[in-house]
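Spelled out, the chains give:
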Amino acid sequence: MLVFQFISFPRRCNQAKQIYSRLFSNSNSSRSTGSHACQVFDGLHNPDVFSWACAIRSSSQQGRFKEAASLYAGMQRSGLRPNTFAISAALKACARIPAKSAGISIHAQVYKFGQECDVYVQTCLVDFYVKLGDMGIAQRVFDGMPERNVVSWNSILSGYLKAGELGTARRIFDEIPAKDVVSWNSMVSGYAKARDMGRAESLFEKMPQTNAASWNGMIGGYIHCGNIEAARKLFDDMPERSNVSWITMISGYSKCGDVDSARWLFDQMSAKDLPAWNAMIACYAQNSRPKEALQLFNKMRKLNVNMRPDEMTFVCVISACSQLGDLRFGSWIESYMQRIRIELDDHLKTALIDLYAKCGSMDKAYELFCGLRTRDLVAYSAMIFGCGINGKAVDAIRLFEEMVDDKISPNAITFTGLLTAYNHAGLVEEGCRCFASMLGKHRVAPSADHYAIMVDLLGRAGKLEEARGLIRSMPMQPHVGVWGALLLACRIHCNVDIGEIAAQHCIELETEAEASGYYVLLANIYASAGRWDDAKRLRKVIEEKGLSKLPGCSWMDAT
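In what follows, the accompanying structure is described. (Residues numbered from 1 in each chain as written. Predicted model: local features only at pLDDT ≥ 70, side-chain atom pairs only at ≥ 80, totals over all residues. Heavy atoms only, no water.)

For the rest of this paragraph, the subject is the pattern of salt bridges. Per the stated rule, a full pass over the model turns up 21 salt bridges. A salt bridge links E67 to R64; its shortest N-O distance comes to 3.2 Å. Salt bridges sharing common partners tie together R375, D395, R398 and E402. (Salt bridge = Lys/Arg side-chain N within 4 Å of Asp/Glu carboxyl O.)

Under the defined criterion, the tally for this structure stands at 14 aromatic pairs. Ring geometry for F142 against W153: centres 5.0 Å apart, planes inclined by 80°, an arrangement best described as edge-to-face. Highlighted residues: F142 in helix α9 (residues 135–143) and W153 in helix α10 (residues 150–162), separated in sequence by 11 residues. Take W153: its relative accessible area is 9%, and that puts it in the buried class. (Phe/Tyr/Trp six-rings, centres within 6.5 Å; stacked < 30°, edge-to-face > 60°. Helix = DSSP H or I, 4+ residues; strand = E, 2+ residues; numbered from the N terminus. Buried < 20%, exposed > 50% of the residue type's maximum accessible area, 1.4 Å probe, protein only.)

Our focus in this paragraph is helix α21 (residues 327–339). Helix length check: α21, at 13 residues, gives a terminal C-alpha distance of 18 Å against a target of 18 Å (1.5 Å per residue), a fit within 8%. Listed in full, the buried residues belonging to α21 are F329, G330, I333, E334, Y336 and M337. Projected onto a plane normal to the axis of α21, the buried residues spread over an arc of 165° and lie on a single side. Away from the buried face of α21 by more than 90 degrees, exposed residues Q338 and R339 are located. N-capping of α21 is provided by D326, with a side-chain oxygen placed 3.4 Å from the backbone N of R328. Just downstream of α21, R341 is the residue with a positive phi angle, here 60°. (Expected span 1.5 Å × (residues − 1). Arc of directions from axis to C-beta. Polar contact = N/O pair within 3.5 Å; in protein donor to acceptor, adjacent residues only side chain to side chain.)

This part covers the nonpolar core. Nonpolar side chains tend to gather and get buried jointly when the protein is soluble and globular. Ranked by size, the top nonpolar core spans 175 residues in total, and within it M249, M280, F314 and L486 carry the most contacts. It is helix α18 (residues 274–286) that provides the largest number of residues to this core, a total of 10 residues. If near-sequence neighbours (up to four positions away) are discounted, F314 is found in contact with F297, P309, I333, Y336, M337, I340, I342 and L348. (Core = buried A, V, L, I, M, F, W, Y, C linked by side-chain atoms within 4.5 Å. Contact = heavy atoms within 4.5 Å.)

Below, the discussion takes up the layout of surface pockets. Reported here for the largest pocket is a volume of approximately 380 Å³. Elements that contribute at least two residues to the lining of the largest pocket include exactly α20 (311–324), α22 (346–358), α24 (377–389) and α26 (412–425). If one sorts the elements of the lining of the largest pocket by residue count, α24 sits on top with five residues. A breakdown of the residues in the lining of the largest pocket according to their chemical character gives eight nonpolar, six polar and two charged. Approximately 220 Å³ is the volume found for the second largest pocket. K92, R96, Y120, T123, C124, D127, K131, N149, V151, S155 and S158 together form the lining of the second largest pocket. Listing elements by their share of the lining of the second largest pocket, those giving two or more residues are α6 (84–96), α8 (119–131) and α10. Sort the elements by how many residues they give to the lining of the second largest pocket and α8 lands first, with five residues. (1 Å grid on protein atoms, 1.4 Å probe; cavity = no way out; pocket = protein on both sides within 12 Å on 5 of 7 lines; lining within 4 Å. Points joined across faces, edges and corners; volume = space filled by probe spheres on them. Nonpolar A, V, L, I, M, F, W, Y, C, P; charged D, E, K, R; others polar.)

Printed below as a string of structure tokens:
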């Protein structure tokens, strides 16, 4: 595309030829290409319009959008009039930064420079407003185009699909005079994302030609709807699979918790690229199999594989370390990232915050938190949870208030950390108010885990009847953690009647082998209440069933 545009310009543009000959002479990656282009451009003396346009387009196409916008501004300051290609590239950059005011200024310049009839510029304007979510202006620009190509139609179509306006999108789709495979794929994917697989299937079957993206869109749609069997059938029927197809299925199995099927597919891949390794490592990390995630990471780094990890790899690996509470390996990961020059962006810093917080290194977690460019929901939740489990209730409350003041809406994980903080501090009234505010003020439905924390808080404070009443009010079936919290409170306060009820529910919800601890707790409650015959009877039941209590243990990281 770039070479074609260069040939179409007059050959007298010697500086432009210099850019292209140098730009493509010694660049091995997209990232290095963008950097090399700017170095070449900076070396030019009095660059002309085409040289500026080349540099702007190169930066934009290599994902260096802020750089492209800056170059465009520099071109204007130099007194040169931007051409079609400079304006189009700058609009694309503004759409992706995003920079609304800058894009609107360029829109005005389009009319000032008499380029309102250029189909390429007008299409970029439509795409700019689509990406900003302003479909009103996007439609007005589209309606005013004297000429449209299929890219113009596909751009306005994608905007309505992104906005969830399927009816309008279908009308646009039907009006496209010459649909290409992108048009069909967009509409099929739109229905799939809306979980309307009936219409998606109908369109898919009518497609005059399909490509891997068509099949992948359908597979992703079935996965999104939770129909992994239909997704697998379509995957098996594919005439030719791309790596995206394999990764989509691996991620689908990960989503439904079928880790073994995901690993089987991963092992069948003949050419595993980095996204495939990342998908499988993420599958292990997201399904509470952290050891296997770290084992696969180590295998990926071996010489016979020699796959260089990226930011996504490390986010998953750090998550695995957090689950294991492995601070030593997590610290090694941080130093390894520095060694291979992986920049700590906010996503990686947030993952490390979670690791250090869960391992009790709150000073290090707070240092990283303060260094974030943008503090989002995940970062705040990680810090609040870390403060909660480490007994820093005041800090957890302060962070929560700061988060709400910043107009960041809390989620279920945020409240897990906050309620844990109230529980550790024994702040019953404050914890109850927080729990009540979840649904009443913040529109977050409490889960069974939230109820378990509240039962533990009330129970430890001796409010056993209130804790039992809270369980009765639960809109979902209480799990063993809820009843276990009540049973433990009964052990602390020696309440036999409620203890028997709680123990019975725990025993019913667990397998016989896992229920031994609850028998022992109830026996201890009987003993504390002086009901030795009941305690003796229960211990005899334990012996007859061949149950044995798992020994307690604690661990520490020896450095």
